[in-house]
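Geometric and topological summary
In case you want the letters, here they are:
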Amino acid sequence: MASVPHVRRVLSLYRRLLRLHQQLPPDFAAIGSQFVMEEFKKHKGAGPEYVEKFMKEWTDFAAALQQQVIAGEKLGRGISEKDLGLLDSAQIGQLHQLQKETRKSR
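As a starting point, this report considers the structure included with it. (Residues numbered from 1 in each chain as written. Predicted model: local features only at pLDDT ≥ 70, side-chain atom pairs only at ≥ 80, totals over all residues. Heavy atoms only, no water.)

1. Structural notes on the environment of Lys41
Threshold: Secondary structure follows DSSP: runs of H or I at least 4 residues long count as helices, runs of E at least 2 residues long count as strands, and numbering of each begins at the N terminus. Per-residue accessibility, obtained with a 1.4 Å probe over protein chains only, is compared with the maximum for each type, and a residue is labelled buried under 20%, exposed over 50%, and partly exposed between these values.
Relative to the helices and strands, Lys41 resides in helix α2 (residues 26-42). Here Lys41 falls in the exposed class, since its relative accessible area comes to 68%. Separated by 29 residues in the primary sequence, Lys41 and Ser12 place their C-alpha atoms 15 Å from one another.

2. What to know about the nonpolar core
For clarity, the cut-off: The term nonpolar core refers to a set of buried residues drawn from Ala, Val, Leu, Ile, Met, Phe, Trp, Tyr and Cys, joined through side-chain atoms within 4.5 Å. Contact definition: two residues touch when any of their heavy atoms are within 4.5 Å.
Ranked by size, the top nonpolar core spans 13 residues in total, and within it Leu13, Leu17, Phe40 and Trp58 carry the most contacts. Of all the secondary structure elements, the ones that give two or more residues to this core are α1 (4-21), α2 and α3 (48-71). Top element by residues in this core is α3. It accounts for six residues. Not counting residues within four places of it along the chain, the set of residues in contact with Leu17 comprises Val36, Phe40, Trp58, Phe61 and Ala62.

3. Structural notes on the pattern of salt bridges
Condition: When a carboxyl oxygen of Asp or Glu is within 4 Å of a side-chain nitrogen of Lys or Arg, the pair counts as a salt bridge.
Using the criterion set out here, one finds four salt bridges in the structure. For the salt bridge of Glu57 with Lys53, the shortest nitrogen-to-oxygen distance reads 3.0 Å. Here the residue Glu57 and the residue Lys53 both occupy positions in helix α3, the gap between them amounting to four residues, near one helical turn. By relative accessible area, which is 38% here, Glu57 ends up partly exposed.

4. Comments concerning the side chain of Glu39
For clarity, the cut-off: Pairs of N or O atoms within 3.5 Å make up the polar contacts considered here, provided that, within protein, one atom can donate a hydrogen while the other can accept it, and that residues adjacent in sequence are counted only when both atoms are side-chain atoms.
Tracing the backbone through its elements, the reader meets Glu39 in helix α2. Exposure remark for Glu39: the relative accessible area of 8% places this residue in the buried category. Of note is the side chain of Glu39, whose polar atom sits 3.1 Å from the side chain of Lys42. At 3.0 Å, the side chain of Glu39 and the side chain of Gln94 are in polar contact. Setting aside chain neighbours within four positions, we find Glu39 in contact with Phe54, Trp58 and Gln94.

5. With respect to α1
For the record, the criterion: The span one expects for a helix is its residue count, reduced by one, times 1.5 Å.
The terminal C-alpha atoms of α1, which comprises 18 residues, lie 26 Å apart, in line with the 26 Å expected from a rise of 1.5 Å per residue. In the core, the buried residues of α1 are packed alongside α2 and α3.

6. Digging into the packing of α2 against helix α5 (residues 89-104)
As a reminder, the rule being used: To obtain an axis, a line is fitted to C-alpha atoms, over the contacting stretch when the element is a helix, and the angle between two such axes runs from 0 to 180 degrees between their N-to-C directions. Here is the rule for angles: anything less than 35 degrees is roughly parallel, anything more than 145 is roughly antiparallel, 65 through 115 is roughly perpendicular, and the remaining ranges are oblique. If you view the pair so one helix is near and one far, a crossing is left-handed when the near helix is turned anticlockwise from the far one by less than a right angle, and right-handed when it is turned clockwise.
Two numbers describe how α2 lies on α5: the axes approach to 10 Å, and their chain directions differ by 160 degrees. Viewed along their axes, α2 and α5 adopt a mutual orientation that is roughly antiparallel. Crossing handedness for the pair α2 and α5: right-handed. Between α2 and α5, the contacting residues are Phe28, Ile31, Phe35, Glu39 and Lys42 on the first element and Gln94, Leu98, Glu101 and Thr102 on the second.

Structure below.
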């Protein structure tokens, strides 16, 4: 069972991400919030070997999104070939679906 501090840390990050999405255009907010909810739900029972990477990646994403929102910058960023090579076929499929959905919103 997860420790209380760990659960608090996860819930804090989850809430932060959902609050950040409220500052996005409505279509992006809906897509982003849905994605966050699904990912956190999928990884609820993840093993310790995945948890730290999961938390680091989402924390980094939240920091980047917050910077973009505060500065009024263009939303999003590119993905490097190196990072793309680390994704499995399901993740690449998710990425393409997300790309398709965000392009519909423009």
